[in-house]
Structure formats: C-alpha cells, structure tokens
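# Survey of secondary and tertiary structure
Chain by chain, the residues run as shown.
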Amino acid sequence: MKLGFIGCGNMASAMIGGIIRNEIFSADEIIASDAFAPSLESAKNKLGIHTTGSNKEVARKSEVIVLSVKPQYYETVIKEIADVVDEKRIIVTIAPGKTLEWIGNMFGKAVKVVRTMPNTPALVGEGITGVCQNVLVNDAELEYVCGILRGFGKAEVVPESLMDVVTSVSGSSPAYVFMFIEAMADAAVADGMPRDKAYKFAAQAVYGSAKMVMETGMHPGALKDMVCSPGGTTIEAVRVLEKEGFRSSVIEAMKACTNKARGL
Ligand SMILES: NC(=O)C1=CN([C@@H]2O[C@H](COP(=O)(O)OP(=O)(O)OC[C@H]3O[C@@H](n4cnc5c(N)ncnc54)[C@H](OP(=O)(O)O)[C@@H]3O)[C@@H](O)[C@H]2O)C=CC1
Ligand SMILES: O=C(O)[C@@H]1CCC=N1
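For the protein, the name recorded in an unreviewed UniProt entry is Pyrroline-5-carboxylate reductase, with Anaerobium acetethylicum as its organism. Recorded in UniProt under Sequence similarities (unreviewed entry), the annotation for the protein is "Belongs to the pyrroline-5-carboxylate reductase family." In its Function (unreviewed entry) section, UniProt records this for the protein: "Catalyzes the reduction of 1-pyrroline-5-carboxylate (PCA) to L-proline."

What follows is the structure in structure tokens.
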C-alpha cells in the first residue's frame, strides 16, 4: 500500500477523497483502520479503499502512515504500531500540539515524521496544510508527502514553531467561517430572505471575497475600502462591527485556539 490511515473519521475521509479524485493514488493503494466499525463501512462503500480493524496491519502494509485519530489517542496508537514501523516508512501526523520531538519519543526509536495540520475544505479540494518534518526526512521525501497533501489543496512548509498558529488560522478556522456565514444568513432570514437563498448569497460572498484576496494580491483593508461608498450602506455595517468588537473577537478567539494547541 502507498498510503495508510489509522483512524478514518472526518479529516481522514476528506483527505482520502481528494487524493483519489486527483489521482495521486488509486483507492486500491490506500488502506485504513478505525476503532468505530461504521466509519470503516463508510470508507469501504463511499471511497472504495481497503479497510481493516487492525492498526498494526495498516502500519505494516503502508509506505506512508497517517495518524488520523484524536490527539488523546496518539500515545496508545503509537505504542501499538511502534514495533512494525521501520526506518523506511514515513509517519504523517495531523493532530494539534503533538510535536516532532514528542512523536519521536513515543516511538522510542529513529522514525521519519512529517507533522502536518490540514483542514476540512480538503473535502472539496480546497484545503491548506501546514507542514514540517524531522531531521530524518530528506528533501525528496518531504516533497513526496507534500505531493500527497496537494491532492486535496495547498501545502505550505513552515517552521515547527508556527504549527500551533497554523491550527488556529487554518485547521480550526473553517468553523469560524461557517459561523460567520450562518450569522449572515440568519440576519438575511430575519429581514425576510428564504434560508436556502440566504446561505447561497452569504457563502458566495465569502468565497468570492477570499478569491479576490488570493487573486488580486491586494491588501484586505484596501479591498474593504473599495466596498465602502462614502455615506453609504457598508460603512454603517463596518461601524457597528467595530463597535461590537468584531476584529478583537476574532483575534482573541484565535489566540485561545493557538494556546489550546500549545497545551495539547
Ligand atoms: N476535523 C478537523 O477539522 C480537523 C482535525 N484534525 C485532526 O485530525 C485528527 C482526527 O480528527 P477527526 O477526523 O475530526 O476525528 P474523528 O473522531 O472524526 O475520527 C477519528 C476516528 O478515529 C477512531 N479511533 C479512535 N481511537 C482509535 C484507535 N485507537 N485506533 C483506530 N481508530 C481510532 C475514532 O473512533 P471513535 O469515534 O470510536 O473514537 C474515529 O472514528 C485529530 O487529531 C484532529 O485534531 C486536524 C485538522 C482539522
Ligand atoms: O478542533 C480540533 O481540535 C481539531 C484540530 C483542528 C481542527 N479540528
């Protein structure tokens, strides 16, 4: 197998879907295990990959092994697979807070580790993944893993010191963006718009605005100013958002998120 996933929940299935769709690997080259039988059933039926109830089997059969369980299960899973992971395999982690050093110590031997932080837009091929590696991973191996990660979006190599920040700015951030879309839709519904239309307008406005930032390279503040006509409607909304602490709320929320990751 080219690729194995230990834990096949939300994040793993989003990653696998993109990898298969973009033909990085075929379903036949991917295997996953999970403690929760319905997750495995769904992976087999919807993704067509190999599945097993044994984490060890995944580790034994895969060149690249993704640890896609919650951080609190990392220690148990690593202890379970350590004896079948040799120096040729690459371990990919996706959990917040689990450092390269901690992972290495848990294995108790020299193991190639690529630490990553993906996000769920991977499901639609628009994820972004922060990546760093330990000293045992060479440039070609890092590029190989990045190629896999690009199967479901962008991949950016960052210093490990920034990985907890990556968690708040992209790993967790889809949740805040969905809350923003939901809140905008609620306001539109309150003013009489049917809900399905409200989600369409709100989501497309966020999508289009994000695309403008990416494609124009302009400062977000300048793009905001372009929307605010003098004496117009937008500046009224901006005034209320500032009064209600919109930006400060986002900054404080993200600092809490980063600190939580640091504590894991
Ligand atoms: N969801 C997200 O947006 C993101 C998640 N991540 C990280 O990805 C990882 C997975 O998260 P997510 O996919 O959301 O979690 P899920 O709970 O959806 O998936 C994890 C799966 O692993 C199973 N599992 C638990 N223990 C074991 C075990 N010992 N052996 C095999 N399988 C096991 C779980 O079963 P059961 O339900 O029975 O416990 C569950 O089905 C986490 O580390 C998370 O922090 C990173 C970026 C974004
Ligand atoms: O909430 C979490 O802990 C995980 C990590 C990033 C997104 N979800």
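Turning next to the overall build of the protein. Of regular secondary structure, the protein possesses 12 helices and eight strands. Based on the C-alpha atoms only, the size of the protein along its principal axes is roughly 70 × 40 × 30 Å. Looking at the 264 residues of the protein, the share that counts as buried comes to 33%. Nonlocal contacts in the protein, meaning residues at least 24 apart in sequence, comprise 66% of its contacts between residues at least 6 apart.

A few words now on the packing of helix 8 (residues 173–190) against helix 9 (residues 195–216). Where helix 8 meets helix 9, the closest approach of the two axes is 8 Å, and the angle between their N-to-C directions is 135 degrees. Here helix 8 lies oblique to helix 9, going by the angle between them. In the packing of helix 8 onto helix 9, the handedness of the crossing is right-handed. Together, Val177, Ile181, Met184, Ala185, Ala188 and Val189 of helix 8 and Arg195, Ala198, Tyr199, Phe201, Ala202, Ala203 and Val206 of helix 9 make up the contact between the two elements. By residue class, the composition of the contact of helix 8 with helix 9 is 12 nonpolar, no polar and one charged.

The residues that UniProt annotates with the feature "binding site: NADP(+)" (unreviewed entry) are Ile6, Gly7, Cys8, Gly9, Asn10 and Met11. By the element assignment, Cys8 lies in the loop between strand 1 (3–6) and helix 1 (10–21). Judged by the 28 C-beta atoms lying within 10 Å of it, Cys8 is buried. Each residue touching Cys8, except ones within four places of it in the same chain, is listed here: Ser13, Ala32, Asp34, Ser39, Leu40, Ala43 and Ser68. As for its placement among the helices and strands, Met11 is situated in helix 1. The exposure class of Met11 is buried, given the 23 C-beta atoms found within 10 Å. Aside from chain neighbours lying at most four places away, what touches Met11 is Ser68, Ile94, Pro118 and Thr120.

Neither face of strand 4 (residues 64–67) is left uncovered, since the one carrying Val64 and Val66 and the one carrying Ile65 and Leu67 both have all their residues buried. Sheet topology note: the strand 1/strand 4 ladder contains four bridges and is parallel. Counterpart to Ile6 in the pairing with strand 4 is Leu67. Of the strand pairs in this sheet, strand 4 and strand 5 (residues 90–93) are connected by four bridges, and their pairing is parallel. Bridging from a neighbouring strand, Ile65 pairs with Ile91 of strand 5. Handedness of the crossover joining strand 4 and strand 5 through helix 4 (residues 74–81): right-handed.

Turning to the site of ligand 1, a few remarks are in order. Taken together, 27 residues surround ligand 1, and among them Gly7, Gly9, Met11, Phe36 and Ala95 come closest. Taken together, the elements giving at least two residues each to the shell around ligand 1 come down to helix 1 and helix 4. In terms of residues, the shell around ligand 1 owes the most to one element, helix 1, which gives three residues.

To continue, consider the sheet that holds strand 8 (residues 153–157). Strand order in this open sheet of eight strands is 3-2-1-4-5-6-7-8, and the pairing throughout is mixed. Every other strand in the sheet has two partners, leaving strand 3 (50–52) and strand 8 as the edge strands with one partner each. Averaged over all pairs of adjacent strands, the angle between their axes in this sheet comes to 25 degrees, without regard to strand direction. Where strand 6 (residues 112–117) lies against strand 7 (residues 127–133), four bridges are found, and the strand directions are antiparallel.

With that settled, the discussion passes to helix 1. The terminal C-alpha atoms of helix 1 lie 17 Å apart, and with 12 residues this matches the ideal 16 Å at 1.5 Å per residue to within 8%. With nine of 12 residues buried, helix 1 is to be regarded as a mostly interior element. Each element contacted by the buried residues of helix 1 is listed here: strand 1, strand 2 (30–33), helix 2 (37–47), strand 4 and helix 6 (139–149).

UniProt's feature table lists "domain: Pyrroline-5-carboxylate reductase dimerisation" (unreviewed entry) at residues 160–263, given in the numbering used throughout. Between the first and last C-alpha atoms of residues 160–263 the distance is 15 Å; the span itself is 82% helix and 0% strand.

Rules and cut-offs
Residues numbered from 1 in each chain as written. Chains lettered and ligands numbered in written order. Predicted model: local features only at pLDDT ≥ 70, side-chain atom pairs only at ≥ 80, totals over all residues. UniProt positions renumbered as here; feature names shortened; annotations may be inferred. Helix = DSSP H or I, 4+ residues; strand = E, 2+ residues; numbered from the N terminus. Buried ≥ 20, exposed ≤ 12 C-beta atoms within 10 Å, placed from the backbone. Contact = placed C-beta atoms within 7 Å. Axes fitted to C-alpha atoms, helices over the stretch in contact; angles between N-to-C directions. Parallel < 35°, antiparallel > 145°, perpendicular 65-115°, else oblique. Left-handed = near helix turned anticlockwise from the far one by under 90°. Nonpolar A, V, L, I, M, F, W, Y, C, P; charged D, E, K, R; others polar. Pairing = 2+ DSSP bridges. Right-handed = clockwise from strand over helix to strand, strands pointing away. Near = placed C-beta within 6 Å. Expected span 1.5 Å × (residues − 1).

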